Amino acid sequence: MGSRSASEEKAGSRLRLQVKVNEYKENQNITCVSLRPEQATVLGKTPKVYLVPFSLSNYKPDQLKHPKSLLNKNFNEVACKKCKKTEIRKTCRRILTAKMEATSSKTEITLQKSSLDVYTESNKLQHKSTSDTVIPSVDMESIQALDSDEDTTLGLSAARLREMIKKKHPPESKRKKPKKRENGTGCRRSMRLLKVDPSGVSLPAPPTQPTLIADENPLLPPGPLEMTPENRDDDNDLFKGFLQTWAEMNKTSIKNTEKELSSIKSYKANLSGMIINEDTVHKVTKGPIFSLTLHPSEIRTLVAAGAKSGQVGLWDLTHQSKEDGIYVFQPHSQPVSCLYFSPANPAHILSLSYDGTLRCGDFTRAIFEEVCRDERSSFSSFDFLGQDASTLIVGHWNGNISLVDRRTPGTSYEKLINSSLRKIRTVHVHPVHRQYFIAAGLRDIHIYDARRLNPRGSQPLISLTEHTKSIASAYFSPLTGNRVVTTCADCKLRIFDSSSISSQIPLLTTIRHNTITGRWLTRFQAVWDPKQEDCIVVGSMAHPRRVEIFHESGKQVHSFFGGECLVSVCSINAMHPTRYILAGGNSSGKIHVFMN
């Protein structure tokens, strides 16, 4: 009985619902009854869609009369609040329950189908009068999705959203490249590159010639070379007088008496009197200066410079005009790294080059004779083993050592020896015990005995291994040889005690000095002052530009400033053996001379 009464109550409720809907249609003249939201176009913009809760069981006739109040509400503020979301979910659940009950009735199904058909027709008519904006409707499935997802307020399904995006933004088609016109006018091109003359006739092809790759620095021919200046004419009377002046220098007597060292106080006073002016600064060679020396004459001031280009420049400062006192020669094809006047004949100047040649310039005969030549390896440095300059020691860049004897008739006798160094930068002979010489390599410095050299391989007597970076030079002190000064790329000048040639040479002093000159400047080389062997001369990177002198104890003795006359770095410097004259060469071929 209970089940029958329940079914009768359900049937009665369905009939009452159908009657209420029919009465609402007749009284309110509503074309359709649907759960879908209303859509409208306001000022041509896409309106917001609001979900109106509607229940068939709790239907009231006055519920749809005034929907404008709902449209005026700010749905975003309502949706942001958690309590409003809970009310919407409860309402959706009640609508879903009503729908499930309505599906069991054929009358309600017919009502829904008819309402959907009427709504579709009205929607088509309304769509023609509004803009083309596509607004998806919200059905019962979207409401069910709202219940499952708390963050989705409108309940749009993913499939419907993708369809909306596809309709609103169709895929862009790739842009087709325009076809080239066959007969169109192209870019203008040079008629010379097209090999066409201005009249339009094609030019004949030039005859093909074999391409010859010339060596940038070809070796000069062997044998003596004439002393021909590059900056003067051969038959110039001034040049003849210049050669006569240098030829007379061999008659100058050089006193070999022992000299006593000056006190530091008097030495400083003499250095303070050395000045520079515009007449003692001039460009002598082309390119950076790699070597520099002063003639030992007491009468004339003669300076010689070896350049990177292979030139040897001679400058007589005693002459009134600078241009008339400078002569430049080309005895080599590569940098001249070592340059000395002969201790036995000051009218001879010996020059060594990277091109593997060692030449002697004889001003009495006006030629550069060839002392030795090696086309297989490059020379780096040389020094005189004997005071008469008859024997020489030559260092190679590949680590070999050559002993040269100039007393051999016709040509010099050369003995090649393999050292324990991979490379040799400088070689220097002990001034007193001339059988010893020092060789500076890449990181190590070795002292050898010339009497114990073995062609197959020679071991050094002493090795100096305190250096941590590349070494630039190493020289004995000029009078006694009791000190050794080295220049290293670790910004340190080191002075060793070589008074006793034994297995160990102690380090006396380390002087902090900036030796990083870069790739465009010639590397620094600290050298001894020949008349004050406890002091060294070295260039400086400091501003204003200067040349500095240090004592072996590490104290700075003097700095040479030149003002406007010295505005560049003098990497290579040389002191006169008896007079207070300093010559400094920079990386542009200019020589700066300080003198009393």
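Here's what I pulled together on the structure shown here. (Residues numbered from 1 in each chain as written. Predicted model: local features only at pLDDT ≥ 70, side-chain atom pairs only at ≥ 80, totals over all residues. Heavy atoms only, no water.)

1. Points about the sheet that holds strand β27 (residues 572–575)
Alright, step 1. The strand order β2-β29-β28-β27 describes an open sheet built from 4 strands, whose pairing is antiparallel. Each end of this open sheet is capped by a strand with a single partner; those strands are β2 (281–283) and β27. Within this sheet the neighbouring strands show an average axis-to-axis angle of 15 degrees, counted without direction.
Alright, step 2. The pairing of β27 with strand β28 (residues 581–585) spans 4 bridges and is antiparallel. In the sheet register, Ile-572 faces β28, and the bridge partner there is Gly-585. (Pairing = 2+ DSSP bridges. Helix = DSSP H or I, 4+ residues; strand = E, 2+ residues; numbered from the N terminus. Axes fitted to C-alpha atoms, helices over the stretch in contact; angles between N-to-C directions.)

2. Observations regarding a positive patch on the surface
Alright, step 1. Taken together, the side chains of Arg-422, Lys-423, Arg-443 and Lys-469 define a basic patch exposed on the protein surface.
Alright, step 2. Within the element layout of this structure, Arg-422 appears in the loop between β14 (413–418) and β15 (426–429). (Patch = residues over 30% accessible without salt bridge, like charges linked within 9 Å, V, L, I, M, F, W, Y side chains within 5 Å. Areas by Shrake-Rupley, 256 points an atom, 1.4 Å probe, with all protein chains shown as cover. Salt bridge = Lys/Arg side-chain N within 4 Å of Asp/Glu carboxyl O. Lys, Arg positive; Asp, Glu negative; His and termini not counted. Charge placed at Lys NZ, Arg CZ, Asp CG, Glu CD.)

3. Some words on the pattern of salt bridges
Any two side chains of opposite charge can pair, given that their charged atoms come close.
Alright, step 1. Applying the stated criterion to the full structure yields 15 salt bridges.
Alright, step 2. Among the ionic pairs, Arg-451 bridges to Asp-449, the shortest N-O distance being 3.0 Å.
Alright, step 3. Its relative accessible area of 5% is what places Asp-449 among the buried residues.
Alright, step 4. Each of Arg-359, Glu-370, Arg-373 and Glu-375 takes part in one network of salt bridges that share partners. (Buried < 20%, exposed > 50% of the residue type's maximum accessible area, 1.4 Å probe, protein only.)

4. Details of the side chain of Ser-419
Alright, step 1. With respect to the helices and strands, the residue Ser-419 is situated in the loop between β14 and β15.
Alright, step 2. Given a relative accessible area of 9%, Ser-419 falls into the buried group.
Alright, step 3. For Ser-419, the side chain forms a polar contact with the main-chain oxygen of Gly-399, separated by 2.3 Å.
Alright, step 4. Polar contacts involving the side chain of Ser-419 include one to the main-chain amide nitrogen of Leu-421, which spans 3.3 Å. (Polar contact = N/O pair within 3.5 Å; in protein donor to acceptor, adjacent residues only side chain to side chain.)

5. Describing the packing of aromatic side chains
Alright, step 1. What the rule picks out here adds up to 12 aromatic pairs.
Alright, step 2. Relative to Phe-594, the ring of Phe-560 lies with its centre 5.2 Å away and its plane at 50 degrees, an arrangement referred to as tilted. Pair noted here: Phe-560 is in strand β26 (residues 556–561) and Phe-594 is in strand β29 (residues 590–595), with a separation of 34 residues, a long-range link. Neither Phe-560 nor Phe-594 differs from the other in exposure class; each is buried.
Alright, step 3. One aromatic cluster is present, formed by Phe-239, Phe-242, Tyr-327, Phe-329 and Phe-368 through successive ring pairs.
Alright, step 4. Taking NZ or CZ as reference, Arg-519 lies 4.5 Å from the ring centre of Trp-520, over its face.
Alright, step 5. The cationic tip of Lys-531 hangs over the ring face of Tyr-580; the distance from NZ or CZ to the ring centre is 4.9 Å. (Phe/Tyr/Trp six-rings, centres within 6.5 Å; stacked < 30°, edge-to-face > 60°. Lys NZ or Arg CZ within 6 Å of the ring centre and 35° of its normal.)

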